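# Fold and contact review
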Amino acid sequence: IFHWLSKYFGNYGLIILLLTIIIKMALFPLTYKSYISQAKMRVLKPQIDELNAKFPKKEDAMKKQQATMALYKRVGVSPVGGCLPMVLQMPILFAMFRFFPTSIELRQESFLWAKDLSTYDSILTLPWDIPMYGDHVSLFTILMTVSTIITMKINSPTQSTAQMPGMKGMMYMMPVMFMVILNSFSAGLTYYYFLANIITFLQNMVTKQFVNEEDMLQKLESNKKKPVKKSKWQQRLEDAAK
């Protein structure tokens, strides 16, 4: 796709933008499924908070976890449902990670403040070298990190930190780690990641307009009245116990 676009456009910043749009449109079904899963977790938050209040003691952590998983099972929600679509997109993320830093087409190609998309876009030279980070500040890397944190904060499932201790800190630590690692990488790469974050954010905002969370909650509540289907493994265990 990158080489096909290069036949019709001469600006590689524009080519990367179009490439990102094409990829994100192709991956939109996965992005949609991830958003729906996260929306279900949001509407269930009041009930999760009730369980946290019901089991406030640390020694009741196992009971609270079991009650939470039982609630998810009754309403038909998977707590990891929003993660699987993201995992399925990882091959493309890694492909871009390998492609942009080694793409000879980006050599000496400028875009906005980046003088060379094949290397980092330094906007500030530091008086000292920071281990792993380097002696400069890459603006595209900063934009990538900020957009990642904002997108994660807005779109991540609203779960109590008491239920998953340390998860909130870890969630925000990862973008910072990537900022340190990618600061000296190709500006084309961090520009692509930044665009991917922005487009994902816009897709979720559009999806939000067509998703009624009140109707979603009513549907989840109606699922409680349905008999819980047992897996073949559970049925075998029960039959063996008899």
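We now turn to the structure provided with this report. (Residues numbered from 1 in each chain as written. Predicted model: local features only at pLDDT ≥ 70, side-chain atom pairs only at ≥ 80, totals over all residues. Heavy atoms only, no water.)

On to a nonpolar patch on the surface. On the surface, a nonpolar cluster with roughly 650 Å² of combined accessible area is contributed by Met132, Met173, Met174, Val176, Met177, Phe178 and Ile181. Considering the arrangement of structural elements, one finds Met177 in helix α9 (residues 167–182). According to the relative accessible area criterion, Met177 is partly exposed, its value standing at 41%. (Patch = residues over 30% accessible without salt bridge, like charges linked within 9 Å, V, L, I, M, F, W, Y side chains within 5 Å. Areas by Shrake-Rupley, 256 points an atom, 1.4 Å probe, with all protein chains shown as cover. Salt bridge = Lys/Arg side-chain N within 4 Å of Asp/Glu carboxyl O. Helix = DSSP H or I, 4+ residues; strand = E, 2+ residues; numbered from the N terminus. Buried < 20%, exposed > 50% of the residue type's maximum accessible area, 1.4 Å probe, protein only.)

At a closest axis distance of 10 Å, the pairing of helix α4 (residues 45–54) and helix α5 (residues 61–75) adopts a crossing angle of 155 degrees. If you check the angle between α4 and α5, you find them roughly antiparallel. Between α4 and α5 lies a crossing whose hand is right-handed. Of the residues in α5, those touching α4 at Gln47, Ile48, Leu51 and Asn52 are Lys64, Ala67, Thr68, Leu71 and Tyr72. By residue class, the composition of the contact of α4 with α5 is 5 nonpolar, 3 polar and 1 charged. (Axes fitted to C-alpha atoms, helices over the stretch in contact; angles between N-to-C directions. Parallel < 35°, antiparallel > 145°, perpendicular 65-115°, else oblique. Left-handed = near helix turned anticlockwise from the far one by under 90°. Contact = heavy atoms within 4.5 Å. Nonpolar A, V, L, I, M, F, W, Y, C, P; charged D, E, K, R; others polar.)

To continue, consider unusual backbone geometry. We note that Gln108 has phi near 65 degrees; this positive angle belongs to a residue other than glycine. Note on placement: Gln108 falls in the loop between α7 (90–102) and β1 (122–130). Although it is not a glycine, Leu112 adopts a positive phi angle of roughly 55 degrees. Note on Leu112: relative accessible area 61%, which makes it exposed.

Under the definition given, this model contains 11 aromatic pairs. Measuring from centroid to centroid gives 6.3 Å for Phe28 and Tyr32, while their planes differ by 45 degrees, and the two rings are tilted. With Phe28 and Tyr32 both in helix α3 (residues 28–43), this residue pair falls 4 residues apart, about one helical turn. A relative accessible area of 29% places Phe28 in the partly exposed class. Aromatic side chains Phe111 and Tyr191 sit 5.1 Å apart centroid to centroid with 45 degrees between the ring planes, which places their arrangement in the tilted category. Residue Phe111 is found in the loop between α7 and β1, and its partner Tyr191 is found in helix α10 (residues 187–209); the two are separated by 80 residues along the sequence. Since its relative accessible area comes to 5%, Tyr191 is described here as buried. Three or more aromatic residues joined by ring pairs form one cluster here, namely Phe2, Tyr12, Phe99, Phe100, Tyr192 and Tyr193. Across from the ring centre of Tyr35, 5.3 Å away, lies the NZ or CZ of Arg42, which sits over that ring. (Phe/Tyr/Trp six-rings, centres within 6.5 Å; stacked < 30°, edge-to-face > 60°. Lys NZ or Arg CZ within 6 Å of the ring centre and 35° of its normal.)

Turning our eyes to something else, we now look at the pairing of β1. Two faces belong to every sheet, and in a regular strand the side chains alternate between them. Inspection of the sheet shows β1 paired to strand β2 (residues 134–138) by 4 bridges, in the antiparallel sense. Note that in β2 the partner of Leu124 across the bridge is Val137. If you look at the hairpin formed by β1 and β2, you'll find 3 residues sitting between the two strands, and Met132 has a positive phi there, around 75 degrees. (Pairing = 2+ DSSP bridges.)

The end-to-end C-alpha distance of α5, which contains 15 residues, comes to 21 Å, matching closely the 21 Å that a straight helix rising 1.5 Å per residue would cover. Looking at α5, one finds that the buried residues are Lys64, Thr68, Leu71, Tyr72 and Val75. The buried side chains of α5 occupy one side of the element, clustering within an arc of 95 degrees when seen end-on. Projecting away from the buried face of α5 at angles above 90 degrees are the exposed residues Met62 and Gln66. Just downstream of α5 lies Gly76, where phi reads positive at about 80 degrees. (Expected span 1.5 Å × (residues − 1). Arc of directions from axis to C-beta.)

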